[in-house]
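# Summary of the model geometry
These are the residues of each chain, in order.
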Amino acid sequence: MENKLKEEARKLLKEGKVDYIVGYGKGTVKFRTSPLITNKEEDIEGLVINPFIANNLSRYPAEIKGKLGIVVKGCDSRSLVSLIQDNKVKRDDIVILGVPCEGVVDIKKLVEQIGADIDQVKEIDKEGDNLIVKMDGSKKTVLFGDVIFDKCFGCEYPTPLEYDILLGSEVSPRVELEKSLKKIKEFEDINAPERWRYWKEQFSKCIRCYACRNVCPACFCERCFVDVNIPQWITTYGSWQDNLVFQLIRTLHVAGRCSDCGECERSCPVGITLRSLQRKMVEEVKGLFNYETGVDKDAPPVFTHYEATDPEEFIK
Amino acid sequence: MGYKKIKKDQLNTFLSELSKDYTVVLPSRSGGQVVFAPWDGKNTDFLDWYKNTIIPPKALFFPPVEEMFRFRKGEEGYEIEELMPDKRQQIIFGIRPCDARALKIIDMLFADTYKDPYYLRRRENSLLVGLSCNEPCDTCFCASLDISPGQSEDVDILCTDVSDNLLIEAISEKGSNLLSEMSGLSDAGSEEESKAKEMRKSAKEKIARQINLSGLQEKMRSNFENREYWEKASKKCMACGICTYVCPTCHCFDINDENRKKEGKRVRSWDSCKFPLFTRMPMENPRHEKWRRMRQRYHHKFEYYPMNFGTIACTGCGRCIRECPVNVDVTEIIGGI
Amino acid sequence: MEETKWEPKVVGFLCHWCSYAGADLTGSARMEYPHNIRIIRVPCSGRIDPMFILRALQNGLDGVLVSGCHPGDCHYQSGNFHARRKFAVTRKLLEYVGIEPERVQFSWVAASEGPKMAQVVKEFVEGVRKVGPNRLFKDEIKDGE
Ligand code: SF4
Ligand code: SF4
Ligand code: SF4
Ligand code: SF4
Ligand code: SF4
Ligand code: FES
């Protein structure tokens, strides 16, 4: 896949079909990859595709001027399509390089599985369904399926639905929805006051770095409501109350646009379980309006549209 | 005063003794995060897993959100209620050498012409007990900034983990006074001392990440207008506030009045030069484009701070590298200039 | 103690063309409904941002009623249809995070439905009374609460 990507990327740049390639390069933190954005052919050699390509790069097209050749996994492609539906990205301005995706490694889970600090790990190889983790003088084998992100278990579209160039052969979806929604189901089983207390505690940690918003491709408001000060909706500094209200409103703003890419939760420096909010809304939007984010670029976005028959039994 | 020592499984009694007169704050796991939190009176297992916190110790002195005072409009003008931090003495146990240095660095700012009472009161009421790093992280590059992972002049007391023992060494006078009052410590032998020295040396050698600081300020000045460089460097940045908020030396803040009817409060909170709205309230953010904001952060640390205070405002703790969602790496950016 | 004296305090966001007019009608017809509600008129149910609801609760109100024209009757044609989608997810989310569903109610009330308005408010206030004072956004959650 990697070689095919390099080949295609070079060609795109050389033929002037794109101004930039947006892909993944090697990171400088153990095993992480990092976005590689370049207009130079000589940088193409640095492109990688491996089980650590966590970032959702579809945040970039709305920001970077010019035509882009962009690398996307299944979930990312749906973010991109959603942006096309919302007229934030023009389909003609991007060349989509699709990665059929078997799942991405959640380094936190990996660390738990091997019971050692990630810094002690020297090398990780994927062999079939296993990851071979080499440490100083020892070796551990973990099941790939045990260390991927929760979102990946429930991923119904691991192969991008929208692409110009597919970099490998299609991957069939895992059907482990239960595993993917486990945290959410467990959360729903506790009573309302406890649920509220949970979020109160979670958002007491929030430092309002806005990473969750800034990495999210669905958060594209030109001026976010938290940055509006006349009237001021919520204070610029954090109290758990305002932090929670901020996130709840953000959750509603991205409902129907969220592809469950998981970037918000992965980025949050204080480990707030944001996916439990976002993914819950994915379920609700599907249940209420039979709508899935980014599976059809010609469909109207769910909240710009309505049906006379939309559910309303809750309205008295 | 020579080295003292205590068996690691006795640390409990040592901490209990300290707890009599101080609030002891140490690394603990809370909500899946490693944070400095008041000691629960029992656990000392952090010695086994603790590397460093994500939120730096600056937060203990300069909290993310701080109410400065409350005000009320009374019959005769405003009544002000001061909200100074309480005077209780606290011990920060387990602070890393880089973070202790970071406090020294921001002391210069908070105790400059304007003496910040909130920060300084907390600093005065605190005693730092450092813990040397035997196993630096992959992201650490403190050695390039003249910080030794195993040593520190910036704490009051320094502990070093030497197999079964914790070697304890008084660094400041405050620290030495405290140690002399403590029971339960025994004198360390020369064997342990030399072992500690060895560990310090090896810790320093383990640090692989580096930045080259020679002639840096000069280079930065001449690179300042190099828009192409900064645009490229900032291209992937998401303009969030993580790197500044997890940085032990970033210190920018915002002040807001929050009022409702006839009363309100003045609140100070962390702010970040990475945000487009930074300084927008008093005037305008002159740095509309992301690359300008990126440049600001690095120039502030590596050029302006040295100009103002004679020291670089980075300790090589590596937090910004590790926590950045897109892995923007300060060593690459500074190295590339 | 204070508890016994507690009366729910709720806010109603009513659309100008139907529900507000409906509430007006209850007044001019001298129909009784609980005084616990303060009404804020908005142009259309489509104007109601979920933020209004959350802020009202954050500011300590015990409940929020949102009301607009019946589907098909919106003065702006589709305001309430769009709002309906928004409300559906809002309600799910609020309940999910632990806000008692009784605190937030949506209704359709036409300009001619004075009695319905009175009934809706009455039932709503009773529901809020049952779940008690809104302490959700209070800083301390006391034991036993
Ligand atoms: S959610 Fe699907 S496409 Fe996205 S990373 Fe996981 S498996 Fe890949
Ligand atoms: S990323 Fe986490 S800490 Fe930052 S604003 Fe979002 S929820 Fe808060
Ligand atoms: S809300 Fe989170 S999971 Fe959903 S699209 Fe945004 S970053 Fe991805
Ligand atoms: S943490 Fe990374 S993405 Fe966020 S502002 Fe800093 S450099 Fe940019
Ligand atoms: S700039 Fe980065 S490495 Fe330097 S002190 Fe700040 S967080 Fe640590
Ligand atoms: S005008 Fe009443 S709902 Fe739109």
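## Here's the deal with the overall build of chain A
Assigned secondary structure in chain A consists of twelve helices and eight strands. Scaling as 2.2 N^0.38, a compact globule of 316 residues should have a C-alpha radius of gyration of about 20 Å, and chain A matches this with 20 Å. If you line up chain A on its principal axes, its C-alpha atoms span 60 × 50 × 40 Å. A fraction of 66% describes how many contacts in chain A between residues 6 or more apart in sequence connect residues 24 or more apart. By element, 48% of the accessible surface of chain A is carried by carbon and sulfur atoms, the whole surface being about 13300 Å². Across chain A, the centroid of the 47 positively charged side chains sits 4 Å from that of the 52 negatively charged ones.

## With respect to the domain arrangement of chain A
Residue and element names in this part refer to chain A. Segmenting chain A into domains produces domain 1 (2–106 + 148–303) and domain 2 (107–147). Taken together, the contact between domain 1 and domain 2 spans 16 residues of the former and 16 residues of the latter. For the pair domain 1 and domain 2, the summed buried area comes to about 1300 Å², and 57% of that belongs to carbon and sulfur atoms. Counting the surface domain 1 buries against domain 2, the share from its top three residues, Lys30, Phe31 and Asp106, is 44%. Along the contact surface separating domain 1 from domain 2 lie two salt bridges. Two residues, Lys126 and Glu102, come together in a salt bridge whose shortest N-O distance is 2.9 Å. In this structure, the connection of domain 1 to domain 2 is made through eleven residue pairs in polar contact (both at pLDDT 80 or more). The residue makeup of the side of domain 1 that touches domain 2, split by class, is eight nonpolar, one polar and seven charged.

## Details of the pairing of strand E1 (residues 4–7) of chain B
As paired elements, E1(B) and strand E10 (residues 186–187) of chain B share two bridges and run antiparallel to each other. Considered in E10(B), the bridge of B:Lys5 is made with B:Ser186.

## Thoughts on the site of ligand 2
Around ligand 2 sit A:Cys206, A:Ile207, A:Arg208, A:Cys209, A:Tyr210, A:Ala211, A:Cys212, A:Gln247, A:Cys268, A:Pro269, A:Val270 and A:Ile272, and those are all the residues in its vicinity. For the shell around ligand 2, the residue count by class is ten nonpolar, one polar and one charged.

## Quick notes on the sheet that holds strand E1 (residues 10–15) of chain C
Residue and element names in this part refer to chain C. Spatial strand order, E2-E1-E3-E4: four strands in an open sheet with parallel pairing. Two strands bound the open sheet, and with one partner strand each, they are strand E2 (37–42) and strand E4 (104–108). Across the sheet, the axes of successive neighbouring strands diverge by a mean angle of 20°, strand direction being ignored. Inspection of the sheet shows E1 paired to strand E3 (residues 63–68) by five bridges, in the parallel sense. Residue pairing across strands places Gly12 opposite Leu65, the latter belonging to E3. Contacts from helix H2 (residues 19–28) reach E1, E2 and E3, with the element oriented near 115° to E1. Against the sheet, helix H3 (residues 50–58) touches E1, E3 and E4, its axis set at about 155° to E3.

## Brief notes about a positive patch on the surface
A cluster of basic side chains, namely B:Arg260, B:Lys261, C:Lys9 and C:Arg38, defines a positive patch on the protein surface. Within the secondary structure layout, C:Arg38 lies in strand E2. Residue C:Arg38 is classed as partly exposed on the basis of its relative accessible area, which comes to 44%.

## A word on the interface of chain A and chain C
The partner chain C presents 37 residues to the 43 residues of chain A that form the contact. Buried area between chain A and chain C, both sides added, is near 3900 Å², and the carbon and sulfur share of it is 67%. Scanning the region where chain A abuts chain C turns up four salt bridges. Its salt-bridge partner being C:Arg84, residue A:Glu312 comes within 3.2 Å of it at the nearest N-O pair. Looking at the side of chain A that touches chain C, the elements with two or more residues in it are helix H7 (182–188), helix H8 (192–204), helix H10 (240–254) and helix H12 (275–289) of chain A. Tallied by class, residues from the side of chain A that touches chain C come to 25 nonpolar, seven polar and eleven charged.

## Examining the sheet that holds strand E8 (residues 165–166) of chain A
All names here are of chain A. Read across the open sheet, the five strands follow the order E2-E1-E3-E4-E8; overall the sheet is mixed. Each edge of the open sheet carries a strand with a single partner, namely strand E2 (33–38) and E8. When strand E3 (residues 68–72) meets strand E4 (residues 94–98), the two strands line up parallel, connected through five bridges. When the bridges of E4 are listed, Leu68 appears paired with Ile94. Running at roughly 135° to E3, helix H2 (residues 74–85) makes contact with strand E1 (20–26), E3 and E4 of the sheet.

## What about helix H5 (residues 117–124) of chain B?
Residues and elements named next belong to chain B. Among the residues of H5, those classed as buried are Tyr118, Tyr119, Leu120, Arg122 and Arg123. Looking at the buried residues of H5, the elements they touch are helix H3 (58–61), strand E4 (65–74), helix H4 (97–110), strand E7 (126–131), helix H6 (173–181) and strand E12 (263–270). At the N-terminal boundary of H5, the capping side chain belongs to Asp116, with an oxygen 3.2 Å from the backbone nitrogen of Tyr118.

## Side note on the site of ligand 5
Residues and elements named next belong to chain B. Around ligand 5, the surrounding shell consists of Phe141, Cys247, Pro248, Arg297, Lys301, Cys314, Thr315, Gly316, Cys317, Gly318, Arg319 and Cys320. Among the secondary structure elements, those contributing two or more residues to the shell around ligand 5 are helix H11 (290–309) and helix H12 (319–323). Of the residues in the shell around ligand 5, the class split is six nonpolar, three polar and three charged.

## Section: the pattern of salt bridges
The tally for this structure, following the rule as stated, stands at 67 salt bridges over all chains. The partner of A:Asp242 in a salt bridge is C:Arg55, and the shortest N-O contact between them spans 3.9 Å. Here A:Asp242 is found in helix H10, whereas its partner C:Arg55 is found in helix H3 on a different chain. With respect to class, A:Asp242 is no different from C:Arg55; both count as buried. Where B:Asp154 meets B:Arg101, a salt bridge forms, and the shortest distance between an N and an O atom there is 2.7 Å.

## As for unusual backbone geometry
Despite not being glycine, A:Asn87 shows a phi value in the positive range, around 65°. Here A:Asn87 lies in the loop between H2 and E4. The class of A:Asn87 is exposed, set by a relative accessible area of 71%. The phi dihedral of B:Ser163 falls on the positive side, at around 40°, and the residue is not glycine. Inspection of the secondary structure assignment puts B:Ser163 in the loop between strand E8 (157–162) and strand E9 (165–170).

## A word on the packing of H2(C) against helix H5 (residues 114–131) of chain C
Packed helices, taken two at a time, are described by the angle their axes make and the gap between the axes. Residues and elements named next belong to chain C. For the pair H2 and H5, the least separation of the axes is 7 Å and the interaxial angle reads 95°. In this view, H2 runs roughly perpendicular relative to H5, as classed from their interaxial angle. Of the residues in H5, those touching H2 at Ser19, Gly22, Ala23, Leu25 and Thr26 are Gly114, Pro115, Met117 and Ala118. Class assignment for the residues of the contact of H2 with H5 results in five nonpolar, four polar and no charged.

## Comments concerning the interface of chain B and chain A
You'll often see interface size given as the accessible area lost when the parts meet. Between chain B and chain A, the contact holds 39 residues from the first and 41 residues from the second. Approximately 3100 Å² of surface area, both sides summed, lies buried where chain B meets chain A, with 53% of it carried by carbon and sulfur atoms. A:Asp117 is paired through a salt bridge with B:Lys51; the nearest N and O atoms lie 4.0 Å apart. Along the contact surface separating chain B from chain A lie 18 residue pairs in polar contact (both at pLDDT 80 or more). Residue assignment for the side of chain B that touches chain A shows that the elements contributing at least two residues are helix H9 (227–234), helix H10 (242–245), strand E11 (253–260), E12 and H12 of chain B.

What counts and how
Residues numbered from 1 in each chain as written. Chains lettered and ligands numbered in written order. Predicted model: local features only at pLDDT ≥ 70, side-chain atom pairs only at ≥ 80, totals over all residues. Heavy atoms only, no water. Helix = DSSP H or I, 4+ residues; strand = E, 2+ residues; numbered from the N terminus. Rg over C-alpha atoms; globule rule 2.2 N^0.38 Å. Contact = heavy atoms within 4.5 Å. Areas by Shrake-Rupley, 256 points an atom, 1.4 Å probe, with all protein chains shown as cover. Lys, Arg positive; Asp, Glu negative; His and termini not counted. Charge placed at Lys NZ, Arg CZ, Asp CG, Glu CD. Domains from an automatic or database assignment. Buried area = accessible area lost by both parts, 1.4 Å probe. Salt bridge = Lys/Arg side-chain N within 4 Å of Asp/Glu carboxyl O. Polar contact = N/O pair within 3.5 Å; in protein donor to acceptor, adjacent residues only side chain to side chain. Nonpolar A, V, L, I, M, F, W, Y, C, P; charged D, E, K, R; others polar. Pairing = 2+ DSSP bridges. Near = heavy atom within 4 Å. Axes fitted to C-alpha atoms, helices over the stretch in contact; angles between N-to-C directions. Patch = residues over 30% accessible without salt bridge, like charges linked within 9 Å, V, L, I, M, F, W, Y side chains within 5 Å. Buried < 20%, exposed > 50% of the residue type's maximum accessible area, 1.4 Å probe, protein only. Parallel < 35°, antiparallel > 145°, perpendicular 65-115°, else oblique.

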